[in-house]
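Letter by letter, the chains look like this.
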Amino acid sequence: MSAEVGTRGATPADGGVNVPGTLVWSGRLPERGYDAALRVEAGRTLALVGPNGAGKSTTLDLVAGVLRAPTARLAIGDDTLVDTERGLHVPTHRRRIAALGQDPLLFPHLRVQANVEFGLRAQGVARVEARERARSLLRDVDAARFARRYPDELSGGQAARVALARALAITPRAVLLDEPFAALDVDVAPQMRRVLGTELRRHHVPTILVTHDLLDVLALADDLAVIENGHIVECGPTSDVLRAPTSAFAASLAGVNHLIGRVAQPGVVARVDGGLGVHGVFDGDLPVGARAVAVWPPSSVALYPVAPEGSPRNVWPCDVVDLVDRGGIVRVSLAVRSAHPDGALMRMSADLSPAAVHDLALAPGTPVVASVKAQAVTLYPTG
């Protein structure tokens, strides 16, 4: 059995007023290995990141109602939209959840003004009111001057603004963003991030943003969740996750080196395969045997042709894999040789000046020794 409406909350067509609320989602798709849960407060944007095929788009499809799960629950504020235990499933067109992707999907036969009015008219809003609300939204996104154009007369950035206005016209309960800037030129994307951020704050709705772009995360996301193999492996305020990532993907996104393993001895995190160990510092109690992650920035890695004198705590033989110019700094990718015969290689990055790269004669395949001070490595507990 399925239901056609939520348990509470009227749509604008019913004469009701949308009151933003917290989005709470949980669902399982056993055949895909998907089992995830998310909570997004009203007015906050959660960035959902992870490797390709991890379950990001699946999550958006489930929340939007494009995909159904045998076990699921979705509530936004006081409205329950999905509850499989009760046989409740509000169809996509009744959820009032706005979705934006790479393609603006504007109706090609309608002018911009009519595109924005469409959702309002479909909800039963009178023609005059729909016209005024559409004009107001187009002004909000700085697209009023395009009102009489057809979609094929718009640039990518202009079409994205119109798509945003059309999505917000329905007074959405929530907003879903799937790589919304991926198809835009690099000089247009920053403008759209500003416009989108302003409008999301104005409408104060829960938003889920799927992206691979760190700039999207930094510009828009209040919270950051990492999904891997259909499971949320890390979630928290964006600044906390990027400062102290406990998953490989978050560490890669944040641009820091990391090693996930267990505490082998006080102040040392070692890989579970018996290979590399990293000395670091932890402010608190991190008992031996506890799962933990060691994190250190590429700028803290020093490279030498042979092992340095003295007694640095972290010294590893490496091979240079690649070198990339990052605007005055060279990012050197390294493969760290494991001390354990069965241990897999660990990848690490070092940021050096062009002069240092020249002096060391670095090139792919060059053997070097990497050194990191223990004080530069921070240890964090992880689940």
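Quick summary incoming for the structure in this document. Owing to the predicted nature of the structure, the values given are computational and were not obtained by experimental measurement.

Spanning 15 residues, helix H6 (residues 189-203) covers 21 Å between terminal C-alpha atoms, matching the ideal 21 Å at 1.5 Å per step. Listing the buried residues of H6 in full gives Ala 189, Met 192, Arg 193, Val 195, Leu 196, Gly 197, Glu 199 and Leu 200. Those residues of H6 that are buried lie in contact with strand E3 (45-49), helix H4 (127-140), helix H5 (156-169), strand E8 (174-178), strand E9 (207-210) and helix H7 (214-220). Among the residues trailing H6, His 204 stands out with phi positive, at a value near 55°.

We now examine the packing of H4 against H5. Packing of H4 against H5 leaves a shortest axis separation of 9 Å and a crossing angle of 135°. With respect to each other, H4 and H5 are oriented oblique. The hand of the H4/H5 crossing is right-handed. Taken together, the residues of H5 that come into contact with H4 (itself represented by Arg 133, Leu 137 and Leu 138) are Val 162, Ala 165, Leu 168 and Ala 169. Of the residues contributing to the contact of H4 with H5, the split by class is six nonpolar, no polar and one charged.

Within the secondary structure, Gly 101 is located in the loop between strand E7 (97-100) and helix H3 (112-122). When its relative accessible area of 30% is taken as the criterion, Gly 101 is described as partly exposed. Sequence separation between Gly 101 and Ala 376 is 275 residues; the distance between their C-alpha atoms is 40 Å.

For the rest of this paragraph, the subject is the sheet that holds strand E15 (residues 291-296). Across the sheet, which stays open at both edges, the five strands sit in the order E14-E13-E12-E15-E21 with antiparallel pairing between neighbours. What marks the edges here is a single partner per strand, and that holds for strand E14 (277-279) and strand E21 (378-381). On average, each strand axis in the sheet is tilted by 40° relative to the strand beside it, whichever way the strands run. Where strand E12 (residues 257-265) meets E15, six bridges bridge the pair, whose relative direction is antiparallel. Bridge pairing in E15 links Arg 262 to Arg 291.

Attention now moves to helix H1 (residues 56-64). Of all the nine residues making up H1, seven are buried; the element is thus mostly covered by neighbouring parts of the structure. Buried within H1 we find Lys 56, Thr 58, Thr 59, Leu 60, Leu 62, Val 63 and Ala 64. Once H1 finishes, Gly 65 follows within two positions and takes phi at roughly 100°, a positive value.

Reading across from one edge, E2-E1-E4-E5-E6 is the order of the five strands in this open sheet, with antiparallel pairing throughout. Looking along the sheet, the strands with just one partner apiece sit at the ends: strand E2 (34-40) and strand E6 (88-89). Of the pairings in the sheet, the one linking strand E4 (residues 71-76) to strand E5 (residues 79-83) comprises four bridges and is antiparallel in character. When the bridges of E5 are listed, Ile 76 appears paired with Asp 79.

Let us look at the nonpolar core. Counting 50 residues, the largest nonpolar core has Val 116, Leu 138, Val 162 and Leu 224 as the members making the most contacts within it. The biggest single contributor to this core is H5, with nine residues. Among residues more than four places away in sequence, those in contact with Leu 138 are Val 112, Gln 113, Val 116, Ala 143, Ala 144, Ala 147, Val 162 and Ala 165. Counting 30 residues, the second largest nonpolar core, distinct from the first, contains Ala 290, Met 346, Met 348 and Val 357.

A few words now on the packing of aromatic side chains. Applying the stated criterion to the full structure yields two aromatic pairs. Look at Phe 107 and Phe 118: their rings are 4.7 Å apart centre to centre, the planes differ by 55°, and that puts the pair in the tilted class. One end of the pair, Phe 107, is in the loop between E7 and H3; the other, Phe 118, is in helix H3, and eleven residues separate them in sequence. Look at Phe 107 and you get partly exposed, because its relative accessible area is 27%. For the ring pair Trp 296 and Trp 316, a centre distance of 5.9 Å and an interplane angle of 35° mean the geometry is tilted.

Cut-offs used in this document
- Residues numbered from 1 in each chain as written.
- Predicted model: local features only at pLDDT ≥ 70, side-chain atom pairs only at ≥ 80, totals over all residues.
- Heavy atoms only, no water.
- Helix = DSSP H or I, 4+ residues; strand = E, 2+ residues; numbered from the N terminus.
- Expected span 1.5 Å × (residues − 1).
- Buried < 20%, exposed > 50% of the residue type's maximum accessible area, 1.4 Å probe, protein only.
- Contact = heavy atoms within 4.5 Å.
- Axes fitted to C-alpha atoms, helices over the stretch in contact; angles between N-to-C directions.
- Parallel < 35°, antiparallel > 145°, perpendicular 65-115°, else oblique.
- Left-handed = near helix turned anticlockwise from the far one by under 90°.
- Nonpolar A, V, L, I, M, F, W, Y, C, P; charged D, E, K, R; others polar.
- Pairing = 2+ DSSP bridges.
- Core = buried A, V, L, I, M, F, W, Y, C linked by side-chain atoms within 4.5 Å.
- Phe/Tyr/Trp six-rings, centres within 6.5 Å; stacked < 30°, edge-to-face > 60°.

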